[in-house]
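One-letter residues, chain by chain:
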Amino acid sequence: MIYIDSSYLIALMNEKDYKKHERAVELYPQIDKEDKITTVFMLSETITYLNSRIDTKKVRDFYEIILDTIQIYYPNPMEVDENMHCVIKYNGSASFADCYAAYVMNKLNITKIYSFDSDFDNMDGLVRIY
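Below you will find a few notes about this structure. Note that the coordinates shown come from a computational prediction; the quantities given were computed from them, not determined experimentally. (Residues numbered from 1 in each chain as written. Predicted model: local features only at pLDDT ≥ 70, side-chain atom pairs only at ≥ 80, totals over all residues. Heavy atoms only, no water.)

Digging into unusual backbone geometry
Note: most residues except glycine have negative phi, and most peptide bonds are trans. The line we're drawing: Helix and strand definitions follow DSSP, with helices as H or I runs of at least four residues and strands as E runs of at least two, each counted in order from the N terminus.
Non-glycine residue Asn109 carries a positive phi angle of around 55°. Residue position: Asn109 is located in the loop between helix 6 (96-107) and strand 4 (112-114).

Let's talk about the nonpolar core
Heads up, the condition is: Take the buried residues of types Ala, Val, Leu, Ile, Met, Phe, Trp, Tyr and Cys, join any two whose side-chain atoms come within 4.5 Å, and each joined set is a nonpolar core. The classification of residues rests on relative accessible area computed with a 1.4 Å probe and restricted to protein chains. Under 20% of the type maximum is buried, over 50% is exposed, and intermediate values are partly exposed. We call two residues in contact when some of their heavy atoms are within 4.5 Å.
Membership of the largest hydrophobic core comes to 21 residues, with the highest contact counts inside it found for Tyr3, Cys99, Phe120 and Met123. Mapped by element, the contributors of at least two residues to this core are helix 5 (77-89) and helix 6. It is helix 6 that contributes the most residues to this core, eight residues altogether. Every residue in contact with Tyr3, bar those within four places of it in the chain, is listed here: Ile37, Thr38, Thr39, Met42, Ala101, Met105, Ile110, Lys112, Ile113 and Tyr114.

A closer look at the side chain of Asn14
Relative to the assigned elements, Asn14 resides in the loop between helix 1 (6-13) and helix 2 (18-32). Overall, the relative accessible area of 11% leaves Asn14 in the buried class. Not counting the four nearest positions on each side in its chain, Asn14 is found in contact with His21 and Tyr49.

Looking at the pattern of salt bridges
So the rule is basically this: Every case where a carboxyl oxygen of Asp or Glu lies within 4 Å of a side-chain nitrogen of Lys or Arg is listed as a salt bridge.
Per the stated rule, a full pass over the model turns up six salt bridges. A salt bridge links Arg60 to Asp61, with the shortest nitrogen-to-oxygen separation between them at 3.2 Å. Across the pair Lys89 and Asp124 runs a salt bridge whose closest N-O atoms are separated by 3.1 Å. Taken together, the residues span a long stretch of sequence, with Lys89 in helix 5 and Asp124 in the loop between strand 4 and strand 5 (127-129) at a distance of 35 residues. Summarising the burial analysis for this pair, Lys89 and Asp124 share the class exposed. Each of Lys57, Arg60 and Asp61 takes part in one network of salt bridges that share partners.

Note that every value here comes from positions in space, so none of it alone points to a role or purpose.
Next comes the structure, spelled out in structure tokens:
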């Protein structure tokens, strides 16, 4: 199983960022073969970002594709509280959503994250593919 970050999903749809978009499309055949997971926080980041930049109908269609192809992990209150340890550990250099991604990956023994966000490079046990 692999983890999909919002930055990868955004790059896949955002043709205006040509380099990242081209690379996201290039990586897609690898990703397509894997079981994929992301968190509801990453889904929220993705939809919010895209909805402000591209046609809402395209965003809705992409949302449906995401739901059909990527497992969405939903937090429970205990996990949200535990996630604050990561936020504190990285002292503002990693967002709450990124820390939660690392938390879920650790919990599920996932090491590979497809992401264009270099904040993951400093997180223990994660291998960022970009």
